Amino acid sequence: MAHFGGGAIQSLVTFPNQTTFQSSIVDIAVSNTPVNLPSIPIPDGVDIILRAKISNGLNQVFISNSSANALLPGSRFRLRAGETISLALTNANLIWINGAAVGTGIEILVEA
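Residues numbered from 1 in each chain as written. Predicted model: local features only at pLDDT ≥ 70, side-chain atom pairs only at ≥ 80, totals over all residues. Heavy atoms only, no water.

The bulk of non-glycine residues show a negative phi, and the bulk of peptide bonds are trans. Backbone geometry places Asn32, a non-glycine residue, at a positive phi of 55°. You can see Asn32 is positioned in the loop between β3 (21–27) and β4 (35–36). Residue Asn32 is classed as partly exposed on the basis of its relative accessible area, which comes to 45%. (Helix = DSSP H or I, 4+ residues; strand = E, 2+ residues; numbered from the N terminus. Buried < 20%, exposed > 50% of the residue type's maximum accessible area, 1.4 Å probe, protein only.)

Dropping the structure here:
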């Protein structure tokens, strides 16, 4: 931030609108076995949006940055059915999910 005459001037970085988006659903195939999200490059200035599937019901899905952390209650982030989180990452494959129920999963949305 530059200061001129006592006032502050802030520069904003803008990113062009994307021309399309990718969506996917990732499910837990084996109870309590972490699943790595697929490789989906995420452009600069774009967040990945993760939503726990509505059909998860009372089952929770856990988000983490590694397979090992997806198993540790203190190292993962819990989403209940319908809850959403957005993350500013470079690729979806940096995310791991886990859940206790087969078929529990998340929906992914990324502008591309």
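We are not done yet, so read on.
Here we take up the sheet that holds strand β5 (residues 48–52). As summarised here, the arrangement of the 4 strands in space is β3-β10-β5-β8, forming an open sheet in which the pairing is antiparallel. Each end of this open sheet is capped by a strand with a single partner; those strands are β3 and β8 (84–87). For this sheet, the mean angle separating the axes of adjacent strands, direction not counted, is 20°. The sheet contact formed by β3 and strand β10 (residues 105–111) spans 7 bridges and is antiparallel. Opposite Ser24, over in β10, you have Ile108 as the bridge partner. (Pairing = 2+ DSSP bridges. Axes fitted to C-alpha atoms, helices over the stretch in contact; angles between N-to-C directions.)

So, about the sheet that holds strand β6 (residues 61–64). The 4 strands lie next to each other as β4-β9-β6-β7, forming an open sheet whose pairing is antiparallel. The sheet terminates laterally at β4 and β7 (77–79), the two strands that pair on one side only. For β6 and β7, the ladder comprises 3 bridges, and the chain directions are antiparallel. Residue pairing across strands places Phe62 opposite Arg78, the latter belonging to β7.

Before going further, it helps to examine a nonpolar patch on the surface. Together, Phe21, Ile49 and Leu109 give the surface a local cluster of nonpolar side chains, amounting to about 260 Å² of exposed area. Along the chain, Ile49 falls in strand β5. For Ile49, a relative accessible area of 34% corresponds to the partly exposed category. (Patch = residues over 30% accessible without salt bridge, like charges linked within 9 Å, V, L, I, M, F, W, Y side chains within 5 Å. Areas by Shrake-Rupley, 256 points an atom, 1.4 Å probe, with all protein chains shown as cover. Salt bridge = Lys/Arg side-chain N within 4 Å of Asp/Glu carboxyl O.)

Under the counting rule described, the total for this entry stands at 0 aromatic pairs. The ring of Phe62 carries Arg76 above its face, with NZ or CZ at 3.7 Å from the centroid. (Phe/Tyr/Trp six-rings, centres within 6.5 Å; stacked < 30°, edge-to-face > 60°. Lys NZ or Arg CZ within 6 Å of the ring centre and 35° of its normal.)

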